[in-house]
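So you can see what is in the structure, the chains are spelled out below.
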Amino acid sequence: MQAVVYQGKTITHARRGYRAVIEEARFLAGAFSAACEGVGLAVQTESSAGISGTWNSEVVTVNMDDRSLVVRMRTGLLIEDFKENAARIAEALGVARVSFTRIRPGMLRVQMLDEPEYTNVDVPQPVSSVYQPVLLGTDEDLLDFHGSLVELLHIVVQGQTRSGKSFWCYSVLSQLAEAEDVLVTGSDPSGLLLKPFSKSYRHGGWQALGMASVDAHVALLERLVKLMDARIADLPEGRDSVIVSKATHLVLVVLEEFAGLIRQANREQKTRLLALYGRLVAEGAKAGFRVLAIVQRADAEVLDGYSRGQFTTRVSFRVDSASAISMLHPNVSDDVVAEHLNSQTGTALVSINGRPAVRLAAPNVGNYSVYTTRVSA
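Predicted, not measured: the structure shown is a model, and the values here were computed from it.

1. A look at the overall build of the protein chain
Phase 1 of the analysis: Broken down by element type, the protein chain carries 13 helices and 18 strands.
Phase 2 of the analysis: Structurally, the protein chain occupies a C-alpha span of about 85 × 45 × 40 Å along its principal axes.
Phase 3 of the analysis: When burial is assessed residue by residue, the protein chain has 50% of its 377 residues classed as buried.
Phase 4 of the analysis: Counted over contacts in the protein chain with a minimum sequence separation of 6, partners at least 24 positions apart contribute 62%.
Phase 5 of the analysis: As displayed, the protein chain offers around 18100 Å² of accessible surface, 49% of which is attributable to carbon and sulfur atoms.

If you want it as structure tokens, here you go:
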């Protein structure tokens, strides 16, 4: 350890009144070095004279203001080597978690965080098929949680504004951008979520964007139901569901804030929209359709008791009432419900049929510009 930063100043062992700060900084530097040695990031050496030693990454600076370390990495290591051992390093440092940032070649910043177990989860590269699992988030033990669209069936996502549900959708959809056996379609009154797909050569023309015309959304759902009926009618003898392939895409029907669209529709449009939506949810799975419904609350008008039961994958971000959580996750305890009501942005409660409910740190693709770039690329 070459330097300690405290209250904006670089202090040394000689300065009075800083003994406790210096000792804590020494402990953190030593704990980090010991953790690296313990997880195999250090190398045992022996000099020509037969004296053994350790070649380890060096803590250059301990910043006590923001609880971070600047580390000179041992030659041959990458930032990924440290990320793979993040949980063990955090345990050694006595903090909830650590994050790593590459400052420049060979130099690393280690940020010590006393927040809960959740972190911003990097979004992986796109999958090449919907049969491959996409990353849904990271659980409390920092284990990744995956699922493929083929297995997840219909998905409902609820959450308040700024709770993280849009970024979760950006992250999941961007992972599908290169899959050649999926068609991303749907109704998007905001005009933002599906806009990048509307410009794609493979997906374009299958989206209704904005609120200029409710009839455009009706027409799209009618087109989708017609395709669904044709697929069901063409099922060969002895089969009760479509086999998804590049020739027969999985059709992902995204319904972004569908309840808001319903409120803007007149009586005739509303009746038609709800009827088409109901058919897609009830019959779509066997035709290779998946519905991704995004709502503010699960007790919205479009999620009646029957249709709610068709969504086997349920994702809740922060909402304003315990009843909204219990509606989607009836088997979770009152303690989990109470905790999730005050969860931080980007934390999701996920229930999938056949699996226990789990709280996840949602993958974060970054800002909207990053999402559009990933899709268009």
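2. Some points on helix α9 (residues 267-283)
Phase 1 of the analysis: Here α9 is 17 residues long and its end C-alpha atoms lie 24 Å apart, about the 24 Å a rise of 1.5 Å per residue gives.
Phase 2 of the analysis: All of the buried residues in α9 are Gln-269, Leu-273, Leu-276, Tyr-277, Leu-280 and Val-281. Down the axis of α9, the buried set is contained in an arc of 130°. They therefore lie on one face. Facing away from the buried surface of α9 by more than 90 degrees, the exposed residues are Arg-267, Glu-268 and Thr-271.
Phase 3 of the analysis: Sitting at the head of α9, Asn-266 places a side-chain oxygen 3.2 Å from the backbone nitrogen of Glu-268.

3. So, the layout of surface pockets
Phase 1 of the analysis: In this model, the second largest pocket occupies a volume close to 370 Å³.
Phase 2 of the analysis: As for the second largest pocket, its lining consists of 18 residues, of which Thr-161, Arg-162, Lys-165, Ser-166 and Tyr-170 are closest to the centre.
Phase 3 of the analysis: In terms of residue count, the dominant contributor to the lining of the second largest pocket is helix α5 (residues 165-174) (five residues).

4. Here's the deal with the packing of aromatic side chains
Phase 1 of the analysis: If you walk through the whole model with that rule in mind, you get seven aromatic pairs.
Phase 2 of the analysis: Judged by centre distance (5.5 Å) and plane angle (35°), the ring pair of Phe-258 and Tyr-277 falls under tilted. Note that Phe-258 is positioned in helix α8 (residues 258-264) and Tyr-277 in helix α9, a separation of 19 residues in sequence.
Phase 3 of the analysis: Within the aromatic cluster, the residues linked to one another by ring pairs are Phe-167, Tyr-170, Tyr-368 and Tyr-371.
Phase 4 of the analysis: Its guanidinium or amino end placed over the ring of Trp-55, Arg-74 lies 5.6 Å from that ring's centre, counting from NZ or CZ.
Phase 5 of the analysis: Against the face of Trp-206 rests Arg-223, its NZ or CZ located 3.6 Å from the ring centre.

5. Examining the nonpolar core
Phase 1 of the analysis: Counting residues in hydrophobic clusters, the biggest one holds 39 residues, and the most contacted among them are Leu-136, Trp-168, Leu-173, Leu-252 and Val-254.
Phase 2 of the analysis: When near neighbours in sequence (up to four residues on either side) are disregarded, Leu-173 contacts Val-184, Leu-193, Phe-197, Leu-252, Val-254, Leu-292 and Tyr-371.

6. Examining the pairing of strand β7 (residues 97-104)
Phase 1 of the analysis: In this sheet, strand β8 (residues 107-113) lies alongside β7 in antiparallel orientation, the contact comprising seven bridges. Pairing of Thr-101 across the sheet is with Arg-109, part of β8.
Phase 2 of the analysis: What sits between the antiparallel neighbours β7 and β8 is a turn of two residues, in which Gly-106 has the positive phi angle 85°.

7. A closer look at the pattern of salt bridges
Phase 1 of the analysis: Throughout the structure, instances matching the rule amount to 10 salt bridges.
Phase 2 of the analysis: Two residues, Glu-222 and Arg-272, come together in a salt bridge whose shortest N-O distance is 3.1 Å. Separated by 50 residues along the polypeptide, Glu-222 in helix α7 (residues 214-233) and Arg-272 in helix α9 bring together distant segments of the chain.
Phase 3 of the analysis: Using a relative accessible area of 37% as the deciding quantity, one classes Arg-272 as partly exposed.
Phase 4 of the analysis: Note that Arg-359 and Glu-339 form a salt bridge whose closest N and O atoms lie 2.9 Å from each other. Separated by 20 residues along the polypeptide, Arg-359 in strand β18 (residues 358-361) and Glu-339 in helix α12 (residues 334-341) bring together distant segments of the chain.
Phase 5 of the analysis: According to the relative accessible area criterion, Arg-359 is buried, its value standing at 7%.
Phase 6 of the analysis: Among the charged side chains, a salt-bridge network with shared partners connects Asp-229, Arg-279 and Glu-283.

The rules behind each value
Residues numbered from 1 in each chain as written. Predicted model: local features only at pLDDT ≥ 70, side-chain atom pairs only at ≥ 80, totals over all residues. Heavy atoms only, no water. Helix = DSSP H or I, 4+ residues; strand = E, 2+ residues; numbered from the N terminus. Buried < 20%, exposed > 50% of the residue type's maximum accessible area, 1.4 Å probe, protein only. Contact = heavy atoms within 4.5 Å. Areas by Shrake-Rupley, 256 points an atom, 1.4 Å probe, with all protein chains shown as cover. Expected span 1.5 Å × (residues − 1). Arc of directions from axis to C-beta. Polar contact = N/O pair within 3.5 Å; in protein donor to acceptor, adjacent residues only side chain to side chain. 1 Å grid on protein atoms, 1.4 Å probe; cavity = no way out; pocket = protein on both sides within 12 Å on 5 of 7 lines; lining within 4 Å. Points joined across faces, edges and corners; volume = space filled by probe spheres on them. Phe/Tyr/Trp six-rings, centres within 6.5 Å; stacked < 30°, edge-to-face > 60°. Lys NZ or Arg CZ within 6 Å of the ring centre and 35° of its normal. Core = buried A, V, L, I, M, F, W, Y, C linked by side-chain atoms within 4.5 Å. Pairing = 2+ DSSP bridges. Salt bridge = Lys/Arg side-chain N within 4 Å of Asp/Glu carboxyl O.

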